[in-house]
Every structure is written in structure tokens, then in C-alpha cells.
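Spelled out from the first residue to the last, the chains are:
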Amino acid sequence: MHKSPRKIGVLPNLIFMSRWLQLPLYLGLILAQCVYVYHFWVELVDLIGAAMGHAGSLDHILDAVAIAGAPRPDKLNEQTIMLVVLALIDVVMISNLLIMVIVGGYETFVSRMNLESHPDQPEWLSHVNASVLKVKLATAIIGISSIHLLKTFINANLYDVKTLVAQTGIHIAFLLSAMAIAYCDRLMAHAPDPSDKPH
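Residues numbered from 1 in each chain as written. Predicted model: local features only at pLDDT ≥ 70, side-chain atom pairs only at ≥ 80, totals over all residues. Heavy atoms only, no water.

**Thoughts on the overall build of the protein chain**
Broken down by element type, the protein chain carries six helices and zero strands. Start at the N end of the protein chain and walk to the C end: the helices and strands fall as α-α-α-α-α-α. For the protein chain, with 199 residues in total, the buried portion stands at 26%. Put simply, 64% of the contacts in the protein chain that link residues at least 6 apart link residues at least 24 apart. Element-wise, carbon and sulfur atoms account for 68% of the exposed surface of the protein chain, whose accessible area totals about 14000 Å². (Helix = DSSP H or I, 4+ residues; strand = E, 2+ residues; numbered from the N terminus. Buried < 20%, exposed > 50% of the residue type's maximum accessible area, 1.4 Å probe, protein only. Contact = heavy atoms within 4.5 Å. Areas by Shrake-Rupley, 256 points an atom, 1.4 Å probe, with all protein chains shown as cover.)

**Things to note about the confidence of the model for the protein chain**
When the pLDDT values of the protein chain are averaged, the result is 82; 86% of them are 70 or greater. Element-level mean pLDDT values for the protein chain span from 82 in helix H5 (residues 130–154) up to 93 in helix H2 (residues 23–51). (pLDDT = per-residue confidence, 0-100.)

**Concerning the side chain of Ser95**
Structurally, Ser95 is set in helix H4 (residues 78–110). For Ser95, a relative accessible area of 12% translates into the label buried. When neighbours within four sequence positions are excluded, Ser95 is seen to be in contact with Gln33 and Tyr36.

**So, the environment of Leu133**
Mapped onto the secondary structure, Leu133 falls in helix H5. Each C-alpha atom of the pair Leu133 and Met100 lies 7.6 Å from the other, and the pair is 33 residues apart in sequence.

**Here's the deal with helix H3 (residues 55–65)**
Turning to H3, its buried residues are Ser57, Leu58, Ile61, Leu62 and Val65. All buried residues of H3 lie within an arc of 130 degrees about the axis, which places them on one face of the element. Exposed side chains of H3 directed beyond 90 degrees from the buried face belong to Ala55 and Asp63. Residues of H3 that are buried make contact with H2 and H4. (Arc of directions from axis to C-beta.)

**Overview of H4**
Here H4 contains 33 residues, and its C-alpha end-to-end distance of 46 Å stays within 8% of the 48 Å for a straight helix at 1.5 Å per residue. The largest bend in H4 comes to about 25 degrees, at Gly104. (Expected span 1.5 Å × (residues − 1). Bend = angle between axes of the 7 residues up to and from the residue.)

Here it is, written out as C-alpha cells:
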């Protein structure tokens, strides 16, 4: 015989329903994703235009990647292309981070999306929970930090030692934080269940 579902009290039901207050936050992140998509295409169009000799596109590209004190090239060179491509990769990685927060956060904290039978269900979403989401977000942040650090090292001669050391230290702090989160998650996953103890 199946037990009838237990009725939830008014106050617990109100508290549980409060999770839907997060919905506008995730919708706002979707709008932020749209802004990143627009920014990506503007930068890409300018890069293509600069490669084809368009002066206006080149000015926009140089304004986007220019560093104070650096000589301004009069044509597209390898270093400028590399900096623009790194900026595009940075946008993509931040967009990936947004997707993980939007999809994973909604699935974990708001409501199930029932994507088990969907052919395009992300592999990581099948076993997502708060711990997995934290580890994946920490890993994504390390990737973004790596891109910024690489952009700095490309023009290392234009930065003072203090800036280089500070950025490297911040990146190492992100790395150590991610390792600590992953280690704690592993410890919790292998922690013995008190209910399994012999009586």
C-alpha cells in the first residue's frame, strides 16, 4: 500500500516556495549572457575588419587592447591578434561560467528541469549538486584568471613588478582555493555514514 503524501504546513510551504525568488536572478543572468554574446560579435567583426584593412575597425581593436605606455601599431600585428583572441576566449569562458550558474543553479536550488531524456543534456548536469557546482565554478574561475594572467605576461615589460606579483598571487590563491574545495568535497563524499555503524 502506498502512503498518501504528507501535507506540508503553511509556513514550511511558504519557506519552500521562496526558492522561486531566485528565478528573476537567473533570468537576469540570461540577459547578461545576451550582452556577452553581443560583445563577442562586436569584437569579432572588428577583428575581421581590421584584418581586411578597415581603419575604423583597427582603431576599435587597438582601443580595446591598448595598454598605457605601449607603442600603438599602425597595422594589425600578431601580438594584437593574440590579445584580441584571448579577449574572445575570455568572453567564452565567462559565458560558460554563466551557463553553469544558470542551468546548474536553477536545477539545484529552484526546480527540476527534467532533462534526463533530452539528447542535448550536458554531461555534468546528470550528477550536479551544490558540491559539484562549486568545484566546476572554481575550475572555471581558474581558467578565466589564467587568460587574464597570460594577457598580462604578453606585455610584461609594460607592467611593474608589483602588478605582476599581485596578479600571480591572486591566480595562485584561486588555484589553492579550488584545490581546497575539491579536497573538502572528496572528504565529504567518502565520509562514513553514521547510520551504517553496527548496533
